[in-house]
Amino acid sequence: MEGARGQGLWVAVRTRPATAWEAKQPCLLQLDTRSLKYLGPECFSNVFSYDAIFEQQATQSQVFGSIQGIVLSVLQGFNASICAYGQTGSGKTHSLFGDIGSASDRGIVPRAMAAVCTGVSASTEDCKFSLTMSIVEIYCEKIRDLLNLGNENLQVQQDKVRGVSLANAYEASISSEDQLMSIMQHGLSNRAVAATAMNTGSSRSHCIVMLMLRKQFPDGRSQHSKLCLVDLAGSERSDKSITAGQTLDEGIQINKSLSALGNVVNALTDNRATHVPYRDSKLTRVLQDSLGGNAKTALIICCSPCMSNAGETLSSLRFGARAKGIINLVQTNACSSAGKDAADLLVKARRECDELRSQVKKLEGLQAELLASGSAEDAGKLAQLAAAKAEDAEGLGNTDRKCCQQAASAAQSRMVLLSFSISMVQMLASGAYVWWRGATCTQ
Ligand SMILES: Nc1ncnc2c1ncn2[C@@H]1O[C@H](COP(=O)(O)OP(=O)(O)OP(=O)(O)O)[C@@H](O)[C@H]1O
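Residues numbered from 1 in each chain as written. Predicted model: local features only at pLDDT ≥ 70, side-chain atom pairs only at ≥ 80, totals over all residues. Heavy atoms only, no water.

Looking at an unreviewed UniProt entry, one finds the protein named Kinesin-like protein and attributed to Apatococcus lobatus.

Structure, rendered in structure tokens:
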């Protein structure tokens, strides 16, 4: 791979403050700047090293400061990923999102978004930037679009230009930081959350916020890069979380996908492994660029500092230590030609058009049913909805046409340039031939 550089995952540990009840217990971890000593049972080799350690009082700004470089590398055309891992209630959601509306308590995601927006507006590069955002959650092995709740089972796809992406995921265009924050808040409000004994606001899904950046250069080429921010659901023991029914099923699915993640990390760090089981879960498919792929990746291991969580903390510390051994082949994403880019856009717009058409069909069917059952008011509302969807479809059709026209005119100017260069080369060649003939005849 040209220009690819092996780079290990950047792994940090963050401990959350102890609750009043936990504070009465003996301390579980003895922290240093880049290593920690685990003081609990069941561990013979009890010192772990990481790239950074954040103690209980560490601020959100300090945590973000340490990964800002990775975040900003998307502006240079790299893919970047930040993941938070840890048992339920260990501070993953706090670290990633925090209090979004507060300047001091907001977490990595809002800070990263703001930093990218600022970087785009301050850039002096001769190119046009466009930013889009998707927010999805992996809930019970289905990828749900949190910006378009009708999309309940998104499929993972992979191509050379965009790497891993989600087919048909809604991509909101971003024109300002404020707009970005309100779209993000809207998406997150749709996330599956439930109260368990371990955490009153426990996330029941893996949440992935993706910021896609496209740079369009004056010569028609473009470059895509992506920032992927992942709040993993926490591993949990059903006896401790005291879950039953739906929350218990969710817990089982969460543990299943986390164990698939563990298997991928093990395979990537085992020299004898011949196969990496990315396909065993949706989570590992989505994280393929981030683990063993071409992204710059940071992993934040969140843990409880208390003895009552010793087993879970030890397991998280071991996961982080193992993940530190993963080497990604980091490189900037290739630039695509104007034609290829337009073709990709066209395929995407067509797919969205098909999706909207099928939604319109469904709504029309419902409208007919309601009309037949006599609920005229509801039918009227549905008719309005169907008309709005049809308008959307029409809008996408126009985008479709526009993309084609842009691609055609770009291709035309390239043709003109090419034929001009060919005639120049022909002229030079015939001039050279005449000169050579003259020279050989006089000899
Ligand atoms: N560093 C921290 N400083 C202050 N409060 C924190 C910190 N980390 C976590 N908390 C608090 O601890 C509680 C649990 O944290 P959080 O919801 O982030 O856990 P989680 O790991 O995301 O859990 P789950 O996997 O169940 O969603 C929350 O009330 C959160 O505000």
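> Could you give me a rundown of the overall build of the protein, with the residues and numbers involved?
Scanning the protein from N- to C-terminus turns up 10 helices and 19 strands. The buried share of the protein, taken over its 443 residues, is 47%. In the protein, the share of contacts with a sequence separation of at least 24, taken over all contacts with a separation of at least 6, comes to 70%. Carbon and sulfur atoms form 55% of the exposed surface of the protein, whose accessible area is close to 22,000 Å². (Helix = DSSP H or I, 4+ residues; strand = E, 2+ residues; numbered from the N terminus. Buried < 20%, exposed > 50% of the residue type's maximum accessible area, 1.4 Å probe, protein only. Contact = heavy atoms within 4.5 Å. Areas by Shrake-Rupley, 256 points an atom, 1.4 Å probe, with all protein chains shown as cover.)

> Hey, could you go over the pattern of salt bridges for me, with residue numbers and the actual values?
Enumeration according to the criterion identifies 9 salt bridges in this entry. As a salt-bridge pair, arginine 34 and aspartate 51 come within 3.6 Å of each other at their nearest N and O atoms. Taken together, the positions of arginine 34 in the loop between strand 3 (29-31) and strand 4 (35-38) and aspartate 51 in the loop between strand 5 (47-49) and strand 6 (52-54) put the pair 17 residues apart, joining distant regions of the chain. Ionic pairing is found between aspartate 219 and arginine 221, a salt bridge with its closest N-O pair at 2.7 Å. Residue classification places aspartate 219 among the partly exposed residues on the basis of a relative accessible area of 41%. Among the residues examined, arginine 221 registers a relative accessible area of 33% and is labelled partly exposed. Overlapping salt bridges, with partners in common, bring together Arg34, Asp51 and Lys324 in one network. (Salt bridge = Lys/Arg side-chain N within 4 Å of Asp/Glu carboxyl O.)

> Can you break down the site of the ligand residue by residue, with the values?
Every one of the 15 residues lining the ligand counts as a neighbour, but Thr88, Lys92, Thr93, His94 and Ser202 are closest to it. Lysine 92 places a side-chain nitrogen or oxygen 2.7 Å from an oxygen atom of the ligand. Take glycine 234: an N or O atom from its main chain is 3.1 Å from an oxygen atom of the ligand. Summarising the interface, the protein chains cover 74% of the accessible area of the ligand, which totals 630 Å² for the free molecule. Among the secondary structure elements, those contributing two or more residues to the shell around the ligand are helix 2 (92-96) and strand 14 (202-203). (Near = heavy atom within 4 Å. Polar contact = N/O pair within 3.5 Å; in protein donor to acceptor, adjacent residues only side chain to side chain.)

> Outline helix 8 (residues 310-323), listing residues and values.
Between its first and last C-alpha, helix 8 extends 20 Å over 14 residues, near the 20 Å set by a 1.5 Å rise per residue. Those residues of helix 8 that fall on the buried side of the exposure criterion are Ala310, Glu312, Thr313, Leu314, Ser316, Leu317, Phe319, Gly320 and Ala323. (Expected span 1.5 Å × (residues − 1).)

> Please provide a residue-by-residue account of the pairing of strand 2 (residues 10-15), values included.
Of all 6 residues making up strand 2, 6 are buried, and the element is well covered by its neighbours. Here strand 2 shows two buried faces, one formed by Trp10, Ala12 and Arg14 and the other by Val11, Val13 and Thr15. In terms of strand pairing, strand 2 meets strand 17 (residues 296-303) through 6 bridges, oriented parallel. Each bridged residue has a counterpart across the sheet, and for threonine 15 the counterpart in strand 17 is cysteine 303. Bridge count for strand 2 against strand 6 is 3 bridges, and the pairing is parallel. Within strand 6, the position partnered with arginine 14 by the bridge is phenylalanine 54. (Pairing = 2+ DSSP bridges.)

> Give a detailed account of the side chain of serine 134, specifying residues and quantitative values.
With respect to the helices, strands and loops of the structure, serine 134 is situated in strand 8 (residues 128-139). Given a relative accessible area of 2%, serine 134 falls into the buried group. Setting aside chain neighbours within four positions, we find serine 134 in contact with Leu147, Ala169, Tyr170, Glu171, Ile208, Val209, Met210 and Met212.

> Describe the environment of asparagine 151, listing the residues and the values that go with them.
Summarising the element assignment, asparagine 151 is placed in the loop between strand 9 (142-145) and strand 10 (155-159). Asparagine 151 has contacts with Ile143, Arg144, Asp145, Asn168 and Glu355, leaving out every residue within four places of it along the chain.

> Report on the sheet that holds strand 3, specifying residues and quantitative values.
Taken in spatial order, the 3 strands line up as 3-4-5 in an open sheet, and their pairing is antiparallel. Of all the strands in the sheet, just strand 3 and strand 5 have a single pairing partner and so form its edges. On average, adjacent strands in this sheet sit at an angle of 25° to one another, irrespective of strand direction. Note that strand 4 and strand 5 share 3 bridges and pair antiparallel. Bridge assignment links lysine 37 to a residue of strand 5, and that residue is valine 47. (Axes fitted to C-alpha atoms, helices over the stretch in contact; angles between N-to-C directions.)

> Mind laying out the UniProt feature "binding site: ATP" (unreviewed entry) in the protein, listing which residues take part and the relevant values?
Listed under "binding site: ATP" (unreviewed entry) in the UniProt record, and renumbered for this structure, are Gly86, Gln87, Thr88, Gly89, Ser90, Gly91, Lys92 and Thr93. Within the fold, glycine 89 resides in the loop between strand 7 (80-86) and helix 2. Within the fold, glycine 91 resides in the loop between strand 7 and helix 2. According to the relative accessible area criterion, glycine 91 is buried, its value standing at 18%. (UniProt positions renumbered as here; feature names shortened; annotations may be inferred.)

> Lay out the confidence of the model for the protein in plain terms, naming residues and giving numbers.
Here the protein shows a mean pLDDT of 83. Residues at 70 or above account for 76%. Element-level pLDDT for the protein is lowest in helix 5 (residues 238-241), with a mean of 54, against a maximum mean of 98 in strand 2. Across the whole predicted complex the pTM is 0.76, and at the interface the ipTM reaches 0.98. (pLDDT = per-residue confidence, 0-100.)

> Lay out the environment of asparagine 266 with the relevant residues and their values.
When you line up the elements, asparagine 266 lands in helix 6 (residues 245-268). With 44 residues separating them along the chain, asparagine 266 and serine 222 place their C-alpha atoms 36 Å apart.

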